[in-house]
Amino acid sequence: MSYVGRFAPSPTGPLHAGSLVAALASWLDARAHRGRWLVRLEDTDTPRCVPGADREILRQLDALGLAADAPPTWQSNRGDAYAAALQRLVDAGLAYPCGCSRREIDDALAAAGRKPPRHGERVYPGTCRPERGGLKGKPARAWRVIVGRDDAPVVIRWHDRRLGEQAQDVTHEVGDFVLKRADGPWAYQLAVVVDDAAQGITDVVRGEDLADNTPRQIHLQRLLGLPTPRYLHTPLVRDAHGDKLSKQTGAPPLDVTQPLAALRAASGVLGLGDPAPSATTVADWLAAAVAAWTERWLRAAV
Ligand code: GLU
């Protein structure tokens, strides 16, 4: 199977030092495998998208020499494909409408003696599941996918090329998660699974903050009969407080007027050091980085 990789930024702002690590790693892995590399703008979360951020990201990638093998795609054009996937799940009895507000979910969890975690998942208590009577007259707000039952939980075991063997009890740690949100947008989990399959992605290389989303995506791939790509989750860049660098915490936009400096910093985070300290052009530096990546990640695998 020939390699197809992708970088899938959400255009909520320009690239920062952390997002470059994922972009560079996925580009290097594709080049090292002599594969194709695609760029997909994940703009389904419309309230968080910043107008023009998509163009800015593409301009930054261009300045960094991270060229894609096909024109970029935008998830905002893909609503029909997501609707078709949701319909397939609904027809198979694997997804259902939910009429619960966040408050009602918290109240139901409290009544069941389960506290919603302060961070992380609010495990849906199943109030609107079909076998519990469905919406019971409430209007549909969101659509959820069924994730096992207490007595038959969905436990996903998967392999990460960097993190090794992973496992998650998706039923108990996540619960029936949202495919289409109450405020309208398609959820990341559904969109990413549909698009990775439609684009023939064989290898997902992305930031480690997304590693715990992977079991949800594998669950959806299995329900939809789609292939599971290989995964490699890259180290995160942390700020002075040890928090993940992100647009939300005010990470400064990447300065691409100094592309080599930006690339060298990202390669340090990836454990490649500086593969070409004397390189003065982006093309020379990237060629050495591909060789270093090949040595680090492919030699052991062949
Ligand atoms: N759009 C997601 C983000 O920027 C990444 C999706 C992915 O690589 O699977 O966080």
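Before reading on, note that the structure itself is shown above.
Residues numbered from 1 in each chain as written. Predicted model: local features only at pLDDT ≥ 70, side-chain atom pairs only at ≥ 80, totals over all residues. Heavy atoms only, no water.

Enquirer: I would appreciate a short explanation of the overall build of the chain in the present structure.
Expert: Across its full length, the chain carries nine helices and ten strands. On the principal axes, the C-alpha backbone points of the chain span a range of 65 × 40 × 35 Å. Counting across all 302 residues of the chain, residues that qualify as buried make up 48%. Nonlocal contacts in the chain, meaning residues at least 24 apart in sequence, comprise 74% of its contacts between residues at least 6 apart. Total accessible area computed for the chain in this model is approximately 14300 Å², and 53% of it derives from carbon and sulfur atoms. Across the chain, the mean location of the 38 positive side-chain charges is 3 Å away from that of the 35 negative side-chain charges. (Helix = DSSP H or I, 4+ residues; strand = E, 2+ residues; numbered from the N terminus. Buried < 20%, exposed > 50% of the residue type's maximum accessible area, 1.4 Å probe, protein only. Contact = heavy atoms within 4.5 Å. Areas by Shrake-Rupley, 256 points an atom, 1.4 Å probe, with all protein chains shown as cover. Lys, Arg positive; Asp, Glu negative; His and termini not counted. Charge placed at Lys NZ, Arg CZ, Asp CG, Glu CD.)

Enquirer: Teacher, can you tell me more about the state of the cysteines here?
Expert: Counting across every chain of the model gives zero disulfides. There is no disulfide at Cys-98, and the cysteine sulfur nearest it, in Cys-100, is 4.0 Å away. (Disulfide = S-S within 2.5 Å.)

Enquirer: Which parts of the structure should I look at to understand the side chain of Asp-54?
Expert: Summarising the element assignment, Asp-54 is placed in helix α2 (residues 53–63). Here Trp-74 takes part through its side chain, which lies 2.8 Å from a polar atom of the side chain of Asp-54. Apart from the residues within four sequence positions on either side, Asp-54 is in contact with Pro-11, Leu-41 and Trp-74. (Polar contact = N/O pair within 3.5 Å; in protein donor to acceptor, adjacent residues only side chain to side chain.)

Enquirer: What's the story with the site of the ligand in this structure? I'm lost.
Expert: Lining the immediate environment of the ligand, one finds Arg-6, Ala-8, Pro-9, Ser-10, Glu-42, Tyr-188, Val-192, Arg-206 and Leu-210. Between an oxygen atom of the ligand and a side-chain N or O atom of Arg-6, the distance comes to 2.7 Å. Ser-10 has a polar side-chain atom sitting 2.8 Å from a nitrogen atom of the ligand. Bound to the protein, the ligand loses 80% of the 300 Å² it would expose on its own. Looking at side-chain class alone, the shell around the ligand contains five nonpolar, one polar and three charged residues. (Near = heavy atom within 4 Å. Nonpolar A, V, L, I, M, F, W, Y, C, P; charged D, E, K, R; others polar.)

Enquirer: Please explain helix α1 (residues 17–32) as it appears in this structure.
Expert: Each turn of an α-helix holds 3.6 residues, which means side chains three or four residues apart point in the same direction. In this model, α1 (16 residues) spans 22 Å end to end at C-alpha, consistent with the 22 Å of a helix rising 1.5 Å per residue. Of all 16 residues that make up α1, 14 are buried, and the element is covered over most of its length. (Expected span 1.5 Å × (residues − 1).)

Enquirer: Looking at this structure, I do not really get the pairing of strand β2 (residues 36–41). What am I missing?
Expert: Counting buried positions over the six residues of β2 gives five, a clear majority of the element. Bridging between strand β1 (residues 4–7) and β2 involves four bridges; their strand directions are parallel. Bridged to Arg-6 within β2 is Leu-38. Note that the unit made of β1, α1 and β2 has a crossover that is right-handed. Bridge analysis of β2 against strand β3 (residues 73–74) gives two bridges, and the strand direction is parallel. (Pairing = 2+ DSSP bridges. Right-handed = clockwise from strand over helix to strand, strands pointing away.)

Enquirer: Where do I start with the pattern of salt bridges in this structure?
Expert: Any two side chains of opposite charge can pair if their charged atoms end up close together. Counted under the stated rule, the structure contains 23 salt bridges. Here Arg-31 makes a salt bridge to Asp-69, at a shortest N to O gap of 3.3 Å. With a gap of 38 residues between them, Arg-31 in helix α1 and Asp-69 in the loop between α2 and β3 connect regions that are remote in the sequence. A residue is classified by how much of its surface remains accessible, and Arg-31, at 22% relative accessible area, is partly exposed. Look at the salt bridges and you will find they share partners, linking Arg-6, Arg-40, Glu-42, Arg-78, Asp-195 and Asp-196 into a network. (Salt bridge = Lys/Arg side-chain N within 4 Å of Asp/Glu carboxyl O.)

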